[in-house]
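Residue-level structure breakdown
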Amino acid sequence: MMNSNDVVAISYAQGNEEYNEKIIGFVNLLRKEYGYNVIMDQMYKQEETAVDFNEMMSKLISNSNKVIVILSTKYKQRADDFDGGVGREYRIILDEIVNKPKKYIFVTFDSLEVINTKDIMPSALGNREIIDLIHEKNKLNTLLSKLSDKPIYQFSEDAKNKKLPTQHVIQFKSEKNK
């Protein structure tokens, strides 16, 4: 297996052929256009004739530096039910996410303008940031920032001397002093 510092894994719930091909296309985009060593289950399935899916999924998630979790209603259902491969991956995610908060990146191909995040985010993950790969402005730049651990915005250093407010002393004025 490759060095974990170089590997980005994809976690998703398989859907129909069109959806699965969209995931493969997304992997190819990140690999070819952006230079990330993105891996997914379909790659392993083609390399071996008798893949042990439990072992493959455990390695895929555990041995990766970053994991892009592609959220969908099907992913949420399988994760919440701890069903199949998604369920096994979800157990690993839950075990790691507290101690490795920069490892997991949540994205969706569903428009967050249309779908409620509660419909795609597994319950135990709470209210985490989701990158809407369909409608979010600068969506790929946000994803690349998270994959590379490089910020988009640079902030100035703090000034060496703090600027303090101008102070005013107000004297009490009574009616006699007028």
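Description of the structure in this document. Positions within a chain are numbered from 1, following the residues in the order the chain's sequence is written. Under the rules for a predicted model, residues below a pLDDT of 70 receive no local features and side-chain atom pairs below 80 are neither given nor counted, while totals for whole chains, interfaces and linings still include all residues. Neither water nor hydrogens contribute to the side-chain values; these are computed over all heavy atoms in the structure.

1. Looking at the overall build of the chain
- Each helix corresponds to a stretch of at least 4 residues labelled H or I by DSSP, and each strand to a stretch of at least 2 residues labelled E; elements are numbered beginning at the N terminus. Across its full length, the chain carries six helices and five strands.
- Secondary structure of the chain in N-to-C order comes out as β-α-β-α-α-β-α-α-β-β-α.
- Taken against the 2.2 N^0.38 rule, which gives 16 Å for 178 residues, the C-alpha radius of gyration of the chain at 24 Å runs more than 25% over that of a compact globule.
- Counting over 178 residues, the chain shows a buried share of 38%.
- Summarising the internal contacts of the chain: among those between residues at least 6 apart in sequence, 68% fall at separations of at least 24.
- Computed with a 1.4 Å probe, the accessible areas rest on the Shrake-Rupley method; for each residue, only the protein chains presented here act as cover. Surface exposure of the chain reaches about 12100 Å², of which carbon and sulfur atoms provide 47%.
- Charge convention: Lys and Arg are scored as positive, Asp and Glu as negative, and His as well as the terminal groups of each chain are ignored. Every charge is mapped onto a representative atom, which is NZ of Lys, CZ of Arg, CG of Asp or CD of Glu. When the 26 basic and 26 acidic side-chain charges of the chain are each reduced to a single mean position, those positions are 11 Å apart. Every radius of gyration here is taken over C-alpha atoms, with the globule rule written as 2.2 Å times N^0.38, N being the number of residues. A 1.4 Å probe rolled over the protein chains alone gives each residue an accessible area, and that area as a share of the maximum for its type sets the label: buried under 20%, exposed over 50%, partly exposed in between. A contact between two residues is defined here by any heavy atoms of the two lying within 4.5 Å.

2. Looking at the nonpolar core
- Ranked by size, the top nonpolar core spans 26 residues in total, and within it Val69, Leu71, Tyr75, Ile93, Tyr104, Phe106 and Leu125 carry the most contacts.
- With sequence-adjacent residues up to four places away left out, Leu71 is seen in contact with Phe106, Val107, Thr108, Phe109, Asp110, Ile120, Met121, Pro122 and Ile130.
- Working definition of a nonpolar core: buried Ala, Val, Leu, Ile, Met, Phe, Trp, Tyr and Cys residues. They are joined through side-chain atoms within 4.5 Å. Ranked by size, the runner-up nonpolar core spans 21 residues in total, among them Val8, Ile70, Ile131 and Leu133.

3. Some points on the packing of aromatic side chains
- Only rings of Phe, Tyr and Trp enter the pairing, Trp through its six-membered ring, and a pair is recorded when the two centres are within 6.5 Å. The plane angle decides the type: under 30 degrees is stacked, over 60 is edge-to-face, the rest tilted. A complete count under the given rule lists two aromatic pairs for this structure.
- Residues Phe26 and Phe109 carry aromatic rings whose centres are separated by 5.5 Å and whose planes lie at 90° to one another, so their mutual orientation is edge-to-face. Residue Phe26 is found in helix α1 (residues 17-32), and its partner Phe109 is found in the loop between β4 (104-108) and β5 (131-132); the two are separated by 83 residues along the sequence. Comparing Phe26 with Phe109, the two get one shared label, buried.
- For the ring pair Phe82 and Tyr90, a centre distance of 5.4 Å and an interplane angle of 40° mean the geometry is tilted.
- For Phe82, a relative accessible area of 34% corresponds to the partly exposed category.
- For Tyr90, a relative accessible area of 1% gives the class buried.

4. Considerations on the side chain of Glu89
- As for its position among the elements, Glu89 is in helix α5 (residues 84-96).
- Buried charge without a partner: Glu89 forms no salt bridge, and the closest opposite charge is Arg88, 8.0 Å away.
- Among all residues touching Glu89, those that are not within four sequence positions of it are Ser11, Tyr12, Met57, Leu60 and Ile61. Whenever a carboxyl oxygen of Asp or Glu lies within 4 Å of a side-chain nitrogen of Lys or Arg, that contact is scored as a salt bridge.

5. Concerning the side chain of Lys76
- Inspection of the secondary structure assignment puts Lys76 in helix α4 (residues 73-80).
- Any pair of nitrogen or oxygen atoms within 3.5 Å is treated as a polar contact; in protein, a donor-acceptor pairing is required on top of that, and neighbouring residues in sequence qualify only through side-chain atoms on both sides. Separated by 3.3 Å, the side chains of Lys76 and Ser123 make a polar contact.
- Other than its neighbours up to four places away in sequence, Lys76 contacts Lys118, Asp119, Ile120, Met121, Pro122 and Ser123.

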